[in-house]
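Descriptive structure summary
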Amino acid sequence: MTRVEKIDVVEPPTVYHVKKGEQGSVLDISGFNLWYGAARALFGISMTVERGLVTALIGPSGCGKSTLLRALNRMNDLIEGVTIGGKVTLEGNDIYDHRADVIALRKRMGMVFQKPNPFPMTVFDNVTYPLRVDGVRDRRVLEETVERALRGAALWDEVKDRLQDSALGLSGGQQQRLCIARAIAGDPEVLLMDEPCSALDPIATAKIEELIDELRGHYSIVIVTHNMQQAARVSQNTAFMYLGRLIEYGETKAMFTVPKVRQTHDYVTGRFG
């Protein structure tokens, strides 16, 4: 079982030059550490996620991007031997407090994975699944949610006549947008996206990127991406991670044109990674 450790660790300071959202921060991470057994995966991560903006996490494979993302809605709790230290707050509430309701937390932080993972059920039932789990049975409410979520995911016009068809019959890009619709059906505050375009073709990728831009402002989005061009296109802030550490965190344009740390410069210019 995951337990919180309060450990004092001195780490090299992260260089910050972050674009501030007009509405302040939604997530605040302070001195966050994570171990898989004896192996340390995250080292003293401290950063804020600005409300209503898109924050990209970049860095080479194995640098801790996905580990950090999954820690934000406590998905790492499902892995035996995980230990954490430090603090993560959502709207000022410590998500690792022993009194925190993990199920309620995950409803507030929708998750979209690398590969589309629609459930083997109808399009309609995929979108309404989070509501049904909460006991919602009112048909009118379910229908309104389906249309709202599918419109929000820019998928309504493509599937409005296929709501009772299996979601597995959709194309890969449509399936991923359906997963986004399912994630926003419960009206979360934060959307976590773990390389959501890595399994998609360029056309489907472009649609997902357009969708992310449309969702910005309605939701605070944190996206892990191995594609630096994608990070530059969709995000307002970018965090560069390396070997489990947050090296530099700043406004995306500055991170890609005038980074303040040599490691960041070498990575974004393709010298390593």
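This text gives an overview of the structure that appears in the document. Everything quoted here is computed from the prediction, not taken from an experiment. (Residues numbered from 1 in each chain as written. Predicted model: local features only at pLDDT ≥ 70, side-chain atom pairs only at ≥ 80, totals over all residues. Heavy atoms only, no water.)

Here we come to the state of the cysteines. Under the defined criterion, the tally for this structure stands at zero disulfides. Its sulfur unpaired, C179 is 12 Å from the next cysteine sulfur, which belongs to C197. Among the residues examined, C179 registers a relative accessible area of 3% and is labelled buried. Residue classification places C197 among the buried positions, given a relative accessible area of 8%. (Disulfide = S-S within 2.5 Å. Buried < 20%, exposed > 50% of the residue type's maximum accessible area, 1.4 Å probe, protein only.)

Below, the discussion takes up the packing of helix α3 (residues 123–133) against helix α6 (residues 172–185). Interhelical geometry of α3 versus α6 gives an angle of 30 degrees and a closest axis separation of 7 Å. One finds that α3 runs roughly parallel with respect to α6. Here α3 runs over α6; the crossing is right-handed. Residues V123, N126, V127, P130 and L131 of α3 pack against L178, A181, R182 and A185 of α6. The residue inventory of the contact of α3 with α6, partitioned by class, reads seven nonpolar, one polar and one charged. (Axes fitted to C-alpha atoms, helices over the stretch in contact; angles between N-to-C directions. Helix = DSSP H or I, 4+ residues; strand = E, 2+ residues; numbered from the N terminus. Parallel < 35°, antiparallel > 145°, perpendicular 65-115°, else oblique. Left-handed = near helix turned anticlockwise from the far one by under 90°. Contact = heavy atoms within 4.5 Å. Nonpolar A, V, L, I, M, F, W, Y, C, P; charged D, E, K, R; others polar.)

The next subject is the sheet that holds strand β2 (residues 15–17). With mixed pairing, seven strands are arranged side by side in an open sheet as β2-β12-β11-β5-β10-β9-β8. Sheet topology places β2 and β8 (109–112) at the edges, where each strand pairs with a single neighbour. Here the average twist between neighbouring strands, direction ignored, is 15 degrees. Pairing geometry for strand β9 (residues 190–194) and strand β10 (residues 220–224), over five bridges, is parallel. Paired with L192 across the strands is V222, a residue of β10. (Pairing = 2+ DSSP bridges.)

This next bit is on the layout of surface pockets. In this approach the atoms are scanned with a rolling probe the size of a water molecule, which exposes any empty space left behind. The volume enclosed by the largest pocket comes to roughly 660 Å³. If you go around the largest pocket, you meet 23 residues; those closest to its centre are R106, K107, G110, M111 and P130. Taken together, the elements giving at least two residues each to the lining of the largest pocket come down to α2 (102–108), β8, α3 and α6. Among the elements that take part in the lining of the largest pocket, α3 stands out by supplying four residues, more than any other. (1 Å grid on protein atoms, 1.4 Å probe; cavity = no way out; pocket = protein on both sides within 12 Å on 5 of 7 lines; lining within 4 Å. Points joined across faces, edges and corners; volume = space filled by probe spheres on them.)

Every buried residue of α3 is listed here: V123, F124, N126, V127, T128 and L131. On its buried side, α3 packs onto α4 (139–152), α5 (156–159) and α6. Directly after α3, the chain includes G135, whose backbone phi takes a positive value near 90 degrees.

To continue, consider the packing of aromatic side chains. The full count for this structure, using the stated rule, is four aromatic pairs. Ring geometry for Y16 against Y249: centres 6.2 Å apart, planes inclined by 70 degrees, an arrangement best described as edge-to-face. Here the residue Y16 occupies a position in strand β2, and Y249 occupies one in strand β12 (residues 245–251), the gap between them amounting to 233 residues. Exposure remark for Y16: the relative accessible area of 40% places this residue in the partly exposed category. In this structure, R182 packs its charged tip against the face of F119, placed 4.0 Å from the ring centre. Taking NZ or CZ as reference, R245 lies 3.9 Å from the ring centre of F43, over its face. (Phe/Tyr/Trp six-rings, centres within 6.5 Å; stacked < 30°, edge-to-face > 60°. Lys NZ or Arg CZ within 6 Å of the ring centre and 35° of its normal.)

Attention now moves to the pairing of strand β5 (residues 54–58). Moving residue by residue along a regular strand, the side chains alternate between the two faces of the sheet. Here β5 lies mainly inside the structure; five of its five residues are buried. By the alternation rule, side chains of β5 split into V54, A56 and I58 and T55 and L57, which are all buried. Direction of pairing for β5 relative to β10: parallel, over a ladder of four bridges. In the sheet register, L57 faces β10, and the bridge partner there is V224. Note that β5 and strand β11 (residues 237–242) share four bridges and pair parallel. Each residue of the ladder has a partner; that of I58, found in β11, is F240.

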